[in-house]
Amino acid sequence: MEFTAKQIAELIGGRIEGNENAAVNTFAKIEEGKEGAISFLSNPKYTHHLYDTKSTVVLINDDLQLEHPVQCTLIRVKNAYEAVARLLQFYESMKPRKTGIDPLASVSPKATIGQNVYIGPFAVVGDGTVVGDGTQIYPHTVIGDGVTIGQKCLLYPNVTIYQGCRLGNAVTVHAGSVIGADGFGFAPNQEGYDKIPQIGIVIIEDNVEIGANTCIDRSTMGATVIHKGVKLDNLIQIAHNCEVGENTVMSAQVGLAGSTKIGAWCMAGGQAGFAGHIQVADRTFVGAQCGVIGNTKGNGESLIGSPAMDPRTYFKGMAILRKLPDMYRELNDLKKQVEALQK
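Residues numbered from 1 in each chain as written. Predicted model: local features only at pLDDT ≥ 70, side-chain atom pairs only at ≥ 80, totals over all residues. Heavy atoms only, no water.

What exactly am I supposed to notice about the overall build of the protein chain here?
Looking only at helices and strands, one finds three helices and 39 strands in the protein chain. Scaling as 2.2 N^0.38, a compact globule of 343 residues should have a C-alpha radius of gyration of about 20 Å, whereas the protein chain reaches 26 Å, well beyond that. Across the 343 residues in the protein chain, those meeting the buried criterion constitute 41%. The long-range share in the protein chain, meaning contacts at least 24 apart out of those at least 6 apart in sequence, stands at 17%. Summed over its atoms, the accessible surface of the protein chain is roughly 19100 Å², and 53% of this surface lies on carbon and sulfur atoms. Of the side-chain charges in the protein chain, 30 are positive and 34 negative, and the distance between the mean point of each set is 5 Å. (Helix = DSSP H or I, 4+ residues; strand = E, 2+ residues; numbered from the N terminus. Rg over C-alpha atoms; globule rule 2.2 N^0.38 Å. Buried < 20%, exposed > 50% of the residue type's maximum accessible area, 1.4 Å probe, protein only. Contact = heavy atoms within 4.5 Å. Areas by Shrake-Rupley, 256 points an atom, 1.4 Å probe, with all protein chains shown as cover. Lys, Arg positive; Asp, Glu negative; His and termini not counted. Charge placed at Lys NZ, Arg CZ, Asp CG, Glu CD.)

Here it is as structure tokens:
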């Protein structure tokens, strides 16, 4: 597929500087640009690449002031990062979608399959499961009994969805993820542990994306709920009876213990951990490797460190921590002086 700068500018509402007929057929990072490619510049650290990139077209922010002439055609937009995301989405939508049930797939005759669905080889769809129109299920994915999957979902290879779970529309689940495995529930006794049956389900609402090898456990009773618009990275653990609010995003290796309630529009950095039975308010920012062990105060709060604390308190503590060796030596010297005076 080939597009001109004029067509692209019309699509994203941009303003052209240069040759409006310049044609592109691929994407490239600005530092790896080549003829026929479109790149973007949003991070000021990469501005110097603009003047020597080989890309044919580059998206830039409206307010960028050029220091030198450029060889490429520029398209100015309000937000270059947002504009390239729209272009990539458009590019993806132009790709042909697979349809049809592969003869090597195992689909229960008791399942209900919508129109224009793709089910790849060695995929399994259980009894009573409903698969919505336009959904794609890639090879070796296993869908248990009584599962409901909405329209235009995308389940990559080796995804497992346990019985009874429900997915909304336009849900993407990447390879190796498990939705609806038993929550970690055991009652100690004198001989060991009694397993507490996990009889609830997982509910995934619309427009959720779940990264590779992420696990979302079914609830003991009721439902573990991932609300609409949530984006989860790879290798995340969501325990039983948790709830993640709308449009919250989490980076890799975040872990939620049981019955944690995360608000809407929150952000959690990589390896952040949340204790069980706590509530995190809307729009809370949790830094990487942060340990949240109690309820948060309110909207817009930022937390870092473990245990989690206000960034100013954390950095003050770190400043003191660096001085501890000197403080320890001074304390020992003072202790010797006091002992000498006492003698």
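From this point on, the discussion continues.
Would you mind showing me how to read the pattern of salt bridges here?
Should the charged atoms of two oppositely charged side chains come close, the side chains can pair. Following the criterion strictly, the structure yields eight salt bridges and no others. The residue Glu17 makes a salt bridge to Arg15 at a minimum N-O spacing of 3.4 Å. Overall, the relative accessible area of 44% leaves Arg15 in the partly exposed class. (Salt bridge = Lys/Arg side-chain N within 4 Å of Asp/Glu carboxyl O.)

Hey, could you run me through the nonpolar core in this one?
Taken as a class, soluble globular proteins show a tendency for nonpolar side chains to be buried jointly. Counting residues in hydrophobic clusters, the biggest one holds 47 residues, and the most contacted among them are Ile161, Ile204, Ile238, Met250, Leu256 and Phe274. Contact partners of Ile204, with chain neighbours within four places excluded, come to Arg166, Leu167, Gly168, Val171, Ile210, Ile216 and Ile226. Listed in part, the 15 residues of the second largest apolar core include Ile8, Ile12, Ala22 and Val77. (Core = buried A, V, L, I, M, F, W, Y, C linked by side-chain atoms within 4.5 Å.)

Looking at this model, I keep getting lost on the pairing of strand E22 (residues 186–189). Mind explaining?
Along a regular strand, successive side chains alternate from one face of the sheet to the other. Pairing between E22 and strand E23 (residues 192–195): four bridges, direction antiparallel. Bridge pairing in E23 places Phe186 opposite Lys195. In textbook terms, the turn of a hairpin is the stretch between consecutive antiparallel strands, and for E22 and E23 this stretch comprises two residues. (Pairing = 2+ DSSP bridges.)

Can you walk me through a nonpolar patch on the surface in this structure?
The grouping of Ile320, Leu321, Leu324 and Met327 at the surface amounts to a nonpolar patch, some 350 Å² of accessible area in total. Within the element layout of this structure, Met327 appears in helix H3 (residues 311–342). (Patch = residues over 30% accessible without salt bridge, like charges linked within 9 Å, V, L, I, M, F, W, Y side chains within 5 Å.)

Would you mind going over helix H2 (residues 80–94) with me for this structure?
Structural remark: α-helix, 3.6 residues per turn; residues separated by three or four positions point the same way. The terminal C-alpha atoms of H2, which comprises 15 residues, lie 21 Å apart, in line with the 21 Å expected from a rise of 1.5 Å per residue. For H2, the full list of buried residues reads Ala80, Ala83, Val84 and Leu87. Looking straight down H2, one finds its buried side chains confined to an arc of 95 degrees; they lie on one side. More than 90 degrees from the buried face of H2, the exposed residues found are Tyr81, Gln89 and Ser93. In the core, the buried residues of H2 are packed alongside helix H1 (5–12), strand E4 (26–27), strand E5 (37–41), strand E6 (57–61) and strand E7 (73–77). N-capping of H2 is provided by Asn79, with a side-chain oxygen placed 3.0 Å from the backbone N of Tyr81. (Expected span 1.5 Å × (residues − 1). Arc of directions from axis to C-beta. Polar contact = N/O pair within 3.5 Å; in protein donor to acceptor, adjacent residues only side chain to side chain.)

What am I meant to see in unusual backbone geometry here?
Glycine aside, negative phi is the norm for most residues, and most peptide bonds take the trans geometry. Along the chain, Ser306 connects to Pro307 via a cis peptide bond; the corresponding omega equals 0 degrees. For Asn158, which is not glycine, the phi dihedral falls at a positive 65 degrees. Relative to the elements of secondary structure, Asn158 occurs in the loop between strand E17 (154–155) and strand E18 (160–161). Positive phi outside glycine occurs at Trp265, with the angle close to 55 degrees. For Trp265, the location among the structural elements is in the loop between strand E33 (261–262) and strand E34 (267–268). What makes Trp265 partly exposed here is its relative accessible area of 47%.

Looking at this structure, how should I read the sheet that holds strand E28 (residues 231–232)?
Two modes of strand pairing occur in sheets, parallel and antiparallel, and in both the strands are linked by backbone hydrogen bonds. What the eleven strands build is an open sheet, ordered E8-E11-E14-E17-E20-E25-E28-E31-E34-E37-E39; its pairing is parallel. Where the open sheet ends on each side, the last strands, each with one partner, are strand E8 (100–101) and strand E39 (302–303). Relative to E34, strand E31 (residues 249–250) is paired through two bridges, and the arrangement is parallel. In the sheet register, Met250 faces E34, and the bridge partner there is Ala268.

I'm lost on H3 in this one. Help?
Taking 1.5 Å as the rise per residue, H3 with 32 residues should run 46 Å; its terminal C-alpha atoms sit 43 Å apart, in good agreement. Residue Asp310 occupies the N-cap position of H3, its side-chain oxygen lying 2.8 Å from the main-chain nitrogen of Arg312.

Is there a simple way to think about the side chain of Thr248 in this case?
Tracing the backbone through its elements, the reader meets Thr248 in the loop between strand E30 (243–244) and E31. Residue contacts for Thr248: discarding those within four places in its chain leaves Gly229, Val230, Lys231, Ile262, Gly263, Ala264, Trp265 and Cys266.

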